Amino acid sequence: MGSGFGWKLHNGGRPPLPGAVVRPDERLSWGRTIGLGAQHVVAMFGASFVAPVLMGLNPNLAIMMSGVATVIFLLATRGRVPSYLGSSLSFVGVAAAIRAAGGTSATVTGALLSVGIALFICGMVVRALGARVIHAVLPPVVTGSVVMLIGFNLAPVTAGTYWPQDQWTALAVMLFTGFALVALRGFWSRIAIFLGLVFGYLLSWVLDETLGKIHSVNGAGQVTDHWRLDLSAVRSAHWIGLPQFHAPHFSASAIVVALPVLIALIAENAGHVKAVGEMTGDPLDDELGTAIAADGAATVLSTALGGPATTTYAENIGVMAATRIYSTAAYWAAAGFALLFGLCPKFGAVVAAVPGGVLGGITVVLYGMIGLLGAQIWVRNRVDLSNPVNLVPVAAGIIVGIGGVTLHISKNFELGGIALGTIVVLVGYHGLRRLAPAYMRAEADAPLAAVATAPAAPERSAGERPAGE
């Protein structure tokens, strides 16, 4: 399909017939295609603006750069891999750790940019050597552990920063979000996080109007009387304007903290490409390296301007699975909408005003879900945790990472948290595997070999149900 343009008209532009599939190189009428693009924007919207808010970055810029990143990805993969690139939640814990050590937004984006460069290089290596190199260096036992570390390492942020700002609103939002994930159907369940934010936003406004100010800690950690929902910045924001850009600042210690997330990003991209290939019936292993490199390049561009890192979005896989429409034209439309949203500062001010208590309720669910995705990787790939080759490095790495164990290397340099936990898992697994007796290595490899010969099922985002439910 060349650059990814020149779509063939499916069914004369009319809606697809029952059971029909709209392939990536096909499209419906432009009116329907633009509508599908808007649906993709809504699907990515919740997580894509929650991520920059949690990291202290500009949500307007994040949404705008998600559109730019999607364009880069579609061009790089020549329209073969339909995907939306939104803000990566994998770096939320990294941002919290960097800021806790005195880092600024520039320090955060500098660390993320460095990971983007590393991701681009990894993508080029995979292009040269093939997808098998990923499975050799990063088997499921390692990737699952790192994803679990990233999620569960965030628990203190929720407990210590967001929840205390308004515990009752946080509890209500947590319950509503859980209800939305389980009780709602189809598309609505896929945007449950977004619905939880809207619910909490409105609840905070109602409580302010009926009960007045709340006496609790604010975002700065000071106990004061303050409004739950402060809209003063919204009133003063312009309707049209460019988002605020800033240059990155590079800090060696911050980069070390951020680099372990590279493993999670490679796993995310690999899972996404595999799932899309299964759904479209077009094996895409040959595009895996390109997809990883494209995500790395998009991350570099976004963070160079002050935005967050990007990643492929499972939420949009869910939209494709539900509609059976894989047209990349819809993703071009979605990217256009995202660029327009980024040019509205008032929209960004509304997003930035999300109360801390609301974020507390959301992150209790969200961070736990991120962590449990690691367990899902283990289950899906039948990782045997009774085998010491797998069990020992995972057990040690997770306790080190989540428990906040610190290793002091020198007077001015130390390793801890996600970084140290990842090193323990990665080095420990490969080191112990090399030392283990042959039968232990064979038992550790057996489940992976079985999975490699079995057909893969498309991934589903949280709350998504099979078609027809």
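The structure reproduced in this document is the subject of the present report. (Residues numbered from 1 in each chain as written. Predicted model: local features only at pLDDT ≥ 70, side-chain atom pairs only at ≥ 80, totals over all residues. Heavy atoms only, no water.)

**A short note on the overall build of the chain**
Per the secondary structure count, the chain includes 21 helices and eight strands. For the chain, with 469 residues in total, the buried portion stands at 53%. Only carbon and sulfur atoms are counted for the fraction: they give 67% of the accessible area of the chain, which is about 19,700 Å². (Helix = DSSP H or I, 4+ residues; strand = E, 2+ residues; numbered from the N terminus. Buried < 20%, exposed > 50% of the residue type's maximum accessible area, 1.4 Å probe, protein only. Areas by Shrake-Rupley, 256 points an atom, 1.4 Å probe, with all protein chains shown as cover.)

**Some remarks on the packing of aromatic side chains**
With the rule as written, the count across this model stands at three aromatic pairs. With a centroid separation of 5.9 Å and an interplanar angle of 85°, the aromatic rings of W7 and W30 are classed as edge-to-face. Here W7 is found in the segment before β1 (8-9), whereas its partner W30 is found in helix α1 (residues 30-55), with 23 residues between them in sequence. Accessibility expressed as a relative area gives 15% for W7, which makes it buried. Relative to F179, the ring of F176 lies with its centre 6.4 Å away and its plane at 45°, an arrangement referred to as tilted. Taken together, the residues F176 and F179, both in helix α8 (residues 167-183) and three residues apart, mark about one turn of the helix. With relative accessibility at 48%, the residue F179 sits in the partly exposed group. (Phe/Tyr/Trp six-rings, centres within 6.5 Å; stacked < 30°, edge-to-face > 60°.)

**Remarks on the packing of helix α6 (residues 140-152) against helix α13 (residues 261-280)**
At their nearest, the axes of α6 and α13 sit 9 Å apart, and the two run at 115° to each other. Taken as a pair, α6 and α13 cross one another with a handedness that is left-handed. Between α6, through T143, V146, V147 and I150, and α13, the contact on the second element is made entirely by V261, I263, A264 and A267. Looking at the contact of α6 with α13 residue by residue, the classes come out as seven nonpolar, one polar and no charged. (Axes fitted to C-alpha atoms, helices over the stretch in contact; angles between N-to-C directions. Left-handed = near helix turned anticlockwise from the far one by under 90°. Contact = heavy atoms within 4.5 Å. Nonpolar A, V, L, I, M, F, W, Y, C, P; charged D, E, K, R; others polar.)

**Side note on the nonpolar core**
Formed by 96 residues in total, the largest nonpolar core has its most connected members in F91 and Y367. Looking at this core, the element that brings in the most residues is α13, giving 11 residues. Dropping the residues within four chain positions of it, F91 is found in contact with M55, L112, V115, A258, V261, L265 and A309. With five residues, the next largest nonpolar core counts V22, L36, I325 and A330 among its residues. (Core = buried A, V, L, I, M, F, W, Y, C linked by side-chain atoms within 4.5 Å.)

**Observations concerning a nonpolar patch on the surface**
Nonpolar side chains collect at one region of the surface, where I117, F120, I121, M124, V125 and L129 lie side by side and expose about 490 Å² of accessible area between them. One can find F120 in helix α4 (residues 105-129). Judged by relative accessible area, which is 35%, F120 ranks as partly exposed. (Patch = residues over 30% accessible without salt bridge, like charges linked within 9 Å, V, L, I, M, F, W, Y side chains within 5 Å. Salt bridge = Lys/Arg side-chain N within 4 Å of Asp/Glu carboxyl O.)

**Quick notes on unusual backbone geometry**
We note that R78 has phi near 55°; this positive angle belongs to a residue other than glycine. Here R78 lies in the loop between α2 (59-76) and β3 (85-87). On the basis of relative accessibility, which here comes to 37%, the residue R78 falls in the partly exposed class. Its identity is not glycine, yet R382 carries a phi of approximately 55°, on the positive side. Take R382: it is sitting in the loop between α18 (356-380) and α19 (388-403).

**Quick look at the packing of α4 against α13**
Running from N to C, α4 and α13 cross one another at 50°; their axes reach a closest spacing of 10 Å. One way to sum up the angle between α4 and α13 is to call them oblique. Here α4 and α13 pass one another in a crossing that is right-handed. Touching V115, A118, L119 and C122 of α4 are L262, L265 and I266, all from α13. (Parallel < 35°, antiparallel > 145°, perpendicular 65-115°, else oblique.)

**Side note on the side chain of N269**
Considering the arrangement of structural elements, one finds N269 in helix α13. Polar contacts involving the side chain of N269 include one to the side chain of D295, which spans 2.9 Å. (Polar contact = N/O pair within 3.5 Å; in protein donor to acceptor, adjacent residues only side chain to side chain.)

Just geometry here; none of it tells us what the structure is for.
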